[in-house]
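Observations on the model geometry
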Amino acid sequence: MIKNKTTLLTIDIGSNAMRATFFQKRGQGFVPVLKQRFPLRLGQDVFNQGIIEDQKAEQLYQAFKELWHLCYKHHVEHILAVGTSALREAKNNQSIIHHIEKITGISIKLITGALEAKVIFEAVKKNLSLKKKNIAHIDIGGGSTEIVLAKNEKIQKVLSLPLGSVRLLQNKNLVSIQTQINSVIQQNISLTKSQKIS
């Protein structure tokens, strides 16, 4: 149960699931008080047909309606909603985004894979000591994999690769999947032997 002093809701519309976290302001920061997950698997549509089909779109609308009712009930003051790989690539993403804003008033921002990687790395920095270390941070999502190379907590290189669990599972041939992974890695990653990761 969450109290009425909840002031912030973040929504991450991923390729595999949509995650929502309600926060309460405590001191100088925010503390998560309620988390919800909606296993929508938007990537199943997008990575096959290029669009979000009506059935999954309706599931997405219902999830947002549920969140909006919780926002109203608990007097949420600020909402940040972002869409990543699947929603970003869907050819009908603008009509879906506009409809969600029409029925709930919630605006959705599509973010790039590079920005997604940087945001994730900043969150990691707050929880782990990365000073005086060379780091390769890899986040494997449903539609993409974000890689951050950092030195002494400062980002040196950011990569967003079209490799994710939902995207790859659309291809049932394991040999083809491995070929796809190797191809993407060879095209996008160039690490010299002198770059030591610790």
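Residues numbered from 1 in each chain as written. Predicted model: local features only at pLDDT ≥ 70, side-chain atom pairs only at ≥ 80, totals over all residues. Heavy atoms only, no water.

**Some thoughts on the pairing of strand β2 (residues 18-26)**
Bridging between β2 and strand β3 (residues 29-38) involves 9 bridges; their strand directions are antiparallel. When the sheet's bridge partners are listed, A20 is paired in β3 with Q36. Linking two consecutive strands that pair antiparallel, namely β2 and β3, is a turn of 2 residues; a positive phi of about 65 degrees is found at G27 within it. (Pairing = 2+ DSSP bridges. Helix = DSSP H or I, 4+ residues; strand = E, 2+ residues; numbered from the N terminus.)

**Comments concerning the confidence of the model for the protein**
For the protein, mean pLDDT is 86; residues scoring 70 or higher make up 86% of the total. This stretch, residues 191-198, has a pLDDT under 50; its non-local contacts, to residues over four places away or in other chains, come to 9 contacts. (pLDDT = per-residue confidence, 0-100. Contact = heavy atoms within 4.5 Å.)

**Digging into the pattern of salt bridges**
Throughout the structure, instances matching the rule amount to 2 salt bridges. E89 is the salt-bridge partner of R167, the closest N and O atoms lying 2.6 Å from each other. Here R167 is found in helix α6 (residues 165-169), whereas its partner E89 is found in helix α3 (residues 85-89), with 78 residues between them in sequence. Given the relative accessible area of 37%, E89 is considered partly exposed. Across the salt bridge formed by E122 and K125, the nearest N and O atoms sit 3.5 Å from each other. Of the two residues, E122 and K125 both sit in helix α5 (residues 113-127), 3 residues apart, roughly one turn of that helix. Looking at K125, the relative accessible area reads 24%, which means it is partly exposed. (Salt bridge = Lys/Arg side-chain N within 4 Å of Asp/Glu carboxyl O. Buried < 20%, exposed > 50% of the residue type's maximum accessible area, 1.4 Å probe, protein only.)

**Structural notes on unusual backbone geometry**
Positive phi, normally seen in glycine, also occurs at R41, with a value near 50 degrees. Its location among the elements puts R41 in the loop between β3 and α1 (42-49). Looking at R41, the relative accessible area reads 34%, which means it is partly exposed. A positive phi angle, close to 50 degrees, is found at N152, a residue other than glycine. Position of N152 among the secondary structure elements: in the loop between β7 (145-151) and β8 (154-161).

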